[in-house]
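Results of the structural survey
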Amino acid sequence: MVRLMSLMLVLIALPMAAEAQVYRCTTETGTQFSDQPCGDNAETLTIRDNRIGGSFGDNLPAQPEPQEQPRDDEKTTHQDDEGTCRFINSTDLRTYLTREQVVKGMTKDHVLRAFGRPPETYPTPQETWVYQTKYYGALYELTYVYFKDGCVERIDYRKP
């Protein structure tokens, strides 16, 4: 109980002393953390800065120079929508990838990160990736991922 309390005290004090050194020592009584070397085998720990704050614009790339707008008679009506998928915010995307889920609007790269390489692919009439789910060594379910313009259009789960 004393070790737990001392560990909690150290963890609470860490944000206040973010610039201080932290040492870890392993002894016969267990592992100890301290702000000074606690023995001959003291190991210096590197603690990354986890403070939250600042401006949202701090980490943004530099804005490109504005280009001249074409006149009305030079405008084209064709717009290239290829490569643009529905926006999935980063927190939701990380959650889906961690849970190995695929949702409408993901890119092919996201599907590869969630499910891995597909054992079967069909390029026509619509690009389709087929995944097999096995439970207890038996084929349990087939997952069909349909793409349109490089984005997931729909997902079907079927029993074999």
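Everything discussed here concerns the structure shown above.
Below or above, wherever it landed, is the structure these notes cover. Just so it is clear, the structure is predicted and the values come from calculations on it, not from any experiment.

**Brief notes about the overall build of the chain**
On a plain count of helices and strands, the chain comes out with three helices and seven strands. Seen in sequence order, the chain has helices and strands lined up from the N terminus as α-β-β-β-α-α-β-β-β-β. Residues classed as buried in the chain amount to 19% of the 160 residues present. The long-range fraction of contacts in the chain, counting pairs at least 24 apart against all pairs at least 6 apart in sequence, stands at 20%.

**Re the packing of aromatic side chains**
Taken as a whole, this structure holds three aromatic pairs when the rule is applied. The ring of Phe147 is capped by Lys108, whose NZ or CZ atom sits 5.8 Å from the centre of that ring. Its end group placed over the ring of Tyr144, Arg158 keeps NZ or CZ at 4.2 Å from the ring centre.

**Here we look at the sheet that holds strand 4 (residues 120–122)**
Pairing in this open sheet of four strands is antiparallel, and the strands run 4-5-6-7 from one edge to the other. The open sheet is flanked by strand 4 and strand 7 (151–158), the only strands paired with a single partner. If you compare each strand with its neighbour and ignore which way they point, the axes differ by 25° on average. With eight bridges connecting them, strand 5 (residues 128–135) and strand 6 (residues 138–148) associate as antiparallel partners. From the neighbouring strand, Trp129 faces strand 6, where its bridge partner is Val145.

**A short note on the sheet that holds strand 3 (residues 43–45)**
Spatially, three strands are ordered 2-1-3 in an open sheet, and the strand pairing comes out antiparallel. Looking at strand neighbours, the two that pair on one side only are strand 2 (30–34) and strand 3, the edges of this open sheet. Taking the axes of each pair of neighbouring strands and ignoring which way they run, one obtains an average angle of 30° across the sheet. Pairing between strand 1 (residues 22–27) and strand 2: five bridges, direction antiparallel. Along strand 2, the bridge assignment pairs Thr27 with Gly30.

**Considering helix 3 (residues 108–115)**
Since one α-helical turn is 3.6 residues long, residues separated by three or four positions face the same way. Inspection of helix 3 places His110, Val111 and Ala114 among the buried residues, and these make up the whole buried set. Seen end-on, helix 3 carries its buried residues on one side only, within an arc spanning 100°. The inward-facing, buried residues of helix 3 contact helix 2 (90–98), strand 5, strand 6 and strand 7. Looking one or two residues beyond helix 3, the residue adopting positive phi is Gly116, at roughly 90°.

**Description of unusual backbone geometry**
In terms of backbone geometry, most residues other than glycine have negative phi values and most peptide bonds are trans. Cis geometry is found at the peptide bond from Thr124 to Pro125, where omega equals -5°. Positioned with a positive phi, Glu100 is a non-glycine residue whose angle comes to about 55°. For Asp149, which is not glycine, the phi torsion reads 55° and is therefore positive. Note that Asp149 resides in the loop between strand 6 and strand 7.

**Here we look at the pairing of strand 5**
Bridge analysis of strand 4 against strand 5 gives three bridges, and the strand direction is antiparallel. Paired with Tyr122 across the bridge in strand 5 is Thr128. Hairpin connection between strand 4 and strand 5: a loop of five residues separates the two successive antiparallel strands. Linking strand 5 back to strand 6 in an antiparallel pair, the connection comprises two residues, with Tyr136 at a positive phi of about 55°.

**Some points on the side chain of Thr143**
Among the structural elements, Thr143 can be located in strand 6. Aside from chain neighbours lying at most four places away, what touches Thr143 is Phe115, Trp129, Val130, Tyr131, Thr133, Ile155, Asp156 and Tyr157.

Reading the values: rules and limits
Residues numbered from 1 in each chain as written. Predicted model: local features only at pLDDT ≥ 70, side-chain atom pairs only at ≥ 80, totals over all residues. Heavy atoms only, no water. Helix = DSSP H or I, 4+ residues; strand = E, 2+ residues; numbered from the N terminus. Buried < 20%, exposed > 50% of the residue type's maximum accessible area, 1.4 Å probe, protein only. Contact = heavy atoms within 4.5 Å. Phe/Tyr/Trp six-rings, centres within 6.5 Å; stacked < 30°, edge-to-face > 60°. Lys NZ or Arg CZ within 6 Å of the ring centre and 35° of its normal. Pairing = 2+ DSSP bridges. Axes fitted to C-alpha atoms, helices over the stretch in contact; angles between N-to-C directions. Arc of directions from axis to C-beta.

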